[in-house]
Amino acid sequence: MPVDFIALSNAGVQQLKPYEPGKPIEELERELGITDVVKLASNESPFGPSPRVLTAVRNAAESMHRYPDGSGYRLKAALAERLGVRAAQISLGNGSNDILELVARAWLCPGDETVFSQHAFAVYPLVTMACSAKAVAVPAKEYGHDLEAMLAAITERTKIVFIANPNNPTGTWVSASSLDRFLARVPEHILVVLDEAYFEYVEETAYPNGLSRLPAYPNLIVTRTFSKIYGLSGLRVGYSVSSLDIAEVLNRVRQPFNCNSLALIAAEAALDDPDHLEYCRDLNTSGLAQVAEGLEQLGLSYIPSVGNFIAFDCGREAMPIYEALLREGVIVRPIAAYGMPHHLRVTIGLPEENERFIDALREVLG
Ligand SMILES: *Cc1c(COP(=O)(O)O)cnc(C)c1O
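In this text, all values refer to a predicted model and were calculated from it rather than measured experimentally. Here, residues in each chain are numbered from 1, in the same order as that chain's written sequence. Local features in this predicted model are restricted to residues of pLDDT 70 or higher, and side-chain atom pairs are both shown and tallied only at a pLDDT of 80 or more, whereas totals for entire chains, interfaces and linings draw on every residue. Computation of side-chain values covers all heavy atoms of the structure but excludes hydrogens and water.

S.K.: Break down the packing of helix α4 (residues 51-60) against helix α11 (residues 261-271) for me, citing the residues and quoting the values.
M.R.: Axis definition: a line fitted to C-alpha atoms, limited for helices to the stretch in contact. Angles are taken between N-to-C directions and run from 0 to 180 degrees. Segments assigned H or I by DSSP are reported as helices when at least four residues long, segments assigned E as strands when at least two residues long, and all are numbered from the N terminus. Running from amino to carboxyl end, α4 crosses α11 at an angle of 150°, the nearest separation of the two axes being 8 Å. Here α4 is positioned roughly antiparallel relative to α11, judged by the angle of their axes. The interaxial crossing formed by α4 with α11 has right-handed handedness. In this structure, α4 uses R52, V53, A56, V57 and A60 to contact α11, whose residues at the interface are L262, I265, A266, A269 and A270. Put simply, angles under 35 degrees are roughly parallel, angles over 145 are roughly antiparallel, angles from 65 to 115 are roughly perpendicular, and the rest are oblique. Each crossing is labelled by how the near helix is turned from the far one, with a counterclockwise turn of less than a right angle marking it left-handed and a clockwise turn marking it right-handed. Residue contacts are counted whenever heavy atoms from the two residues lie within 4.5 Å of one another.

Below, the structure written as structure tokens:
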């Protein structure tokens, strides 16, 4: 009898399904034999990184035979200055996904629980179950986080609460007042991970900056990333800001060189170009309006979003529409795995890409 290594994996891993990423452009071009595929499937920035990043990375490529600075000294110093926090509060990661995983690994024991919202980012249950802990998804309210219900879901076994603000794939957000009411009532030994991957896009005045809550809440971990507005998805770099004790724990469990040398250089250069960030934010805001208007004209409803993506309701099973869009050379994202089988998520692209998406959708819906 051959050994069943799946059955030998830990109890949580046995129940896991791998994360399904957006379909790569190359793959679809190969399948269709075409070359002008538009990918609006992974919330990547259509504008790419700042030109300063490209110069910095080219120069740094010469040194790739050296290990990176494992402490990330320069990037942490640059972040600390920009964010008004101490460098020792910052933990760097191979994407912010790495930080989510480190938090789970450092604190979760088999049988512990994490709490998050229905329709929230798929990585929360994934990192939870990989530690054989129990993932508790709390029913959403109009697709958004129901923080009151999440509080009520906390038990003796709860170790971590994940809040995505804004949330992916719904684009919903939690206001400053509701976040503060929530934080004030979470038992102080429970970690609250506030995932702000799309922070830089949000223009709502009632949207809270998690960093300003850190002094009052030593159990709070704010995560951010260079993958989204900064346009560095392919390099993998993100970070958290927390109390010093939490940063100390993350530093114990991380790989010694969990952030590669080009990623460190690129992120530092990206921080140095606030004009590029503003440009990307402005164009995203107008792109959101463009896509929303297009959807309305097609008679489709959508969830109002403050991120760089919109989840829209196909009014029926979305998978055939996703597949028909692929045949038009447009890749969007099915989100049935998020409990939303009638929705598709489209990332805001360049104005002409947004138009191509709307045209393709019109074609497909006939
Ligand atoms: C994209 C995303 C992340 C992190 O991505 P990284 O590339 O690992 O930094 C984290 N949370 C949410 C909600 C996201 O959508």
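There's plenty left to go through after this.
S.K.: Before we move on, could you go through the layout of surface pockets and cite the residues and values that matter?
M.R.: The probe, sized like a water molecule, is rolled over the atoms to show the empty space still left. Think of a 1 Å grid over the protein atoms and nothing else: a 1.4 Å probe that fits but is trapped marks a cavity, an open set flanked by protein within 12 Å on at least five of seven lines marks a pocket, and residues with an atom within 4 Å of a point count as lining. Grid points are joined across faces, edges and corners, and a volume is the space filled by probe spheres set on the points. Each pocket or cavity is described by its volume, and for the largest pocket that value is around 760 Å³. Along the walls of the largest pocket sit 29 residues, with P18, E20, A122, A337 and Y338 positioned nearest its centre. At the level of secondary structure, the elements contributing two or more residues to the lining of the largest pocket comprise β3 (113-117), α7 (123-130), α13 (319-327) and β12 (333-334). If one sorts the elements of the lining of the largest pocket by residue count, α7 sits on top with three residues. Composition of the lining of the largest pocket by domain shows at least three residues from each of domain 1 (5-48 + 275-365) and domain 2 (51-272). By convention here, the domain bounds are inherited from an automatic or database domain assignment.

S.K.: So what about the domain arrangement of the chain? Which residues, and what values?
M.R.: Partitioning the chain into structural domains gives domain 1 (5-48 + 275-365) and domain 2 (51-272). Look at where the C-alpha atoms of domain 1 and domain 2 centre, and you get two points 23 Å apart. Listed per partner, the contact involves 33 residues of domain 1 and 30 residues of domain 2. For the pair domain 1 and domain 2, the two sides together bury roughly 2600 Å², of which 65% comes from carbon and sulfur. Note on definitions: salt bridges are taken to be side-chain nitrogens of Lys or Arg within 4 Å of carboxyl oxygens of Asp or Glu. Linking domain 1 with domain 2 are zero salt bridges. By buried area we mean the combined loss of accessible area, with a 1.4 Å probe, across both parts when two parts are placed together.

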